[in-house]
Amino acid sequence: MIESEFRSSKTIAYGQSLLDKRLRAGHIDEKEKNIILAFLTQRIATAERFGDSKYVSYISNLTKFRACYLSNPYYEITKNDLLSAASDLKNQPIRDRVGDKIIERSQKYKPNTISKTLTELKLFFTYLSENGYVDIAPRDISKIKTPGYKPKKLDAKDVYSEPMIAELVETASPMLKALIWTHYETGARSNEICDMRW
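## Points about the pairing of strand 1 (residues 95-98)
Where strand 1 lies against strand 2 (residues 101-104), 4 bridges are found, and the strand directions are antiparallel. By the bridge assignment for strand 2, valine 98 is matched with lysine 101. In sequence, strand 1 turns back onto strand 2 through a hairpin of 2 residues, with glycine 99 there showing a positive phi of about 65°.

Dropping the structure here:
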């Protein structure tokens, strides 16, 4: 289904195994798994840039949000459930699910993580609304505000010099050598390099 429209069969297999793992753990149910796969199929077909890393990110974030911030399946979520869970994600400590227990960490998510996760959730819930899975109006979904993206400012100490890269490359495997030099010479982002076809 997705594999014919997508680049990496390894990514598809990893995504399927992640969904199956969350299904076996009781974090999602079979219907939610199928809804997530249908959503991803649509995103792949319509998004201008949708690579392997984004595919895995969606699966990870959607299943973790469901397991840690929602008590009902996605298709039973109300507007108030969604707004409350989004607020918890922004304002409460990070939650992890271990078995059937939810554990709160001492730190909160960083603004860029919140922004990325909420953007993905808004797209997912818009899909759910448009396809009749939830009775939440798109205008209510758009009320979820994401914090602004804050680009990381780099100092000179954050940038590797060519001798430092050469030293790193000396100890790397042949595959990593090519990746390190490609990254250094092109300035491409990691996900852009991972999405390259060799």
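There is more to say after this.
## Thoughts on helix 1 (residues 9-24)
A rise of 1.5 Å per residue sets the reference length of helix 1, with its 16 residues, at 22 Å; its end C-alpha atoms lie 22 Å apart and thus fit the reference within 8%. Residues of helix 1 that are buried include every one of Thr11, Ile12, Gly15, Leu18, Leu19 and Arg22, and no others. Projected down its long axis, helix 1 shows its buried positions confined to an angular sector of 125°, all on one face. For helix 1, the exposed residues set more than 90 degrees away from the buried face come down to Lys10, Lys21 and Arg24. Remark: glycine 26 follows helix 1 within two positions and exhibits a positive phi of approximately 80°.

## Some thoughts on the environment of threonine 63
Relative to the assigned elements, threonine 63 resides in helix 3 (residues 52-69). Only 3.2 Å separates the side chain of threonine 63 from the backbone oxygen of serine 60, close enough to count as a polar contact.

## Things to note about the pattern of salt bridges
Per the stated rule, a full pass over the model turns up 7 salt bridges. In this structure, arginine 66 engages glutamate 32 in a salt bridge whose closest nitrogen and oxygen atoms are separated by 2.7 Å. One end of the pair, arginine 66, is in helix 3; the other, glutamate 32, is in helix 2 (residues 30-46), with 34 residues separating them in the sequence. For arginine 66, a relative accessible area of 9% corresponds to the buried category.

## Re the confidence of the model for the protein
Confidence in the prediction for the protein averages 85 pLDDT; 92% of positions are at 70 or higher. Low pLDDT (under 50) marks residues 1-6, which in the prediction has 20 contacts with non-local residues, meaning those over four places away or in another chain.

## A short note on the nonpolar core
A general tendency of soluble globular proteins is for nonpolar side chains to be buried together. Ranked by size, the top nonpolar core spans 40 residues in total, and within it Tyr74, Phe124 and Phe125 carry the most contacts. Contributions of two or more residues to this core are made by helix 1, helix 2, helix 3, helix 4 (79-91) and helix 5 (111-130). No other element matches the 8 residues that helix 3 contributes to this core. Setting aside residues no more than four positions away along its own chain, tyrosine 74 makes contact with Glu32, Leu62, Phe65, Arg66, Leu121, Phe124, Phe125, Leu128 and Val134.

## Things to note about the side chain of threonine 11
Position of threonine 11 relative to the elements: it lies in helix 1. Accessibility expressed as a relative area gives 10% for threonine 11, which makes it buried. A polar contact is formed between the side chain of threonine 11 and the side chain of aspartate 52, at a distance of 2.9 Å.

## Observations regarding the environment of isoleucine 180
Along the chain, isoleucine 180 turns up in helix 8 (residues 174-186). When the C-alpha atoms of isoleucine 180 and leucine 168 are compared, they prove to be 8.5 Å apart, with 12 residues separating the residues in sequence. Those residues in contact with isoleucine 180, other than ones at most four positions away along the chain, are Ile165, Leu168, Val169 and Ala172.

The rules behind these values
- Residues numbered from 1 in each chain as written.
- Predicted model: local features only at pLDDT ≥ 70, side-chain atom pairs only at ≥ 80, totals over all residues.
- Heavy atoms only, no water.
- Pairing = 2+ DSSP bridges.
- Helix = DSSP H or I, 4+ residues; strand = E, 2+ residues; numbered from the N terminus.
- Expected span 1.5 Å × (residues − 1).
- Buried < 20%, exposed > 50% of the residue type's maximum accessible area, 1.4 Å probe, protein only.
- Arc of directions from axis to C-beta.
- Polar contact = N/O pair within 3.5 Å; in protein donor to acceptor, adjacent residues only side chain to side chain.
- Salt bridge = Lys/Arg side-chain N within 4 Å of Asp/Glu carboxyl O.
- pLDDT = per-residue confidence, 0-100.
- Contact = heavy atoms within 4.5 Å.
- Core = buried A, V, L, I, M, F, W, Y, C linked by side-chain atoms within 4.5 Å.

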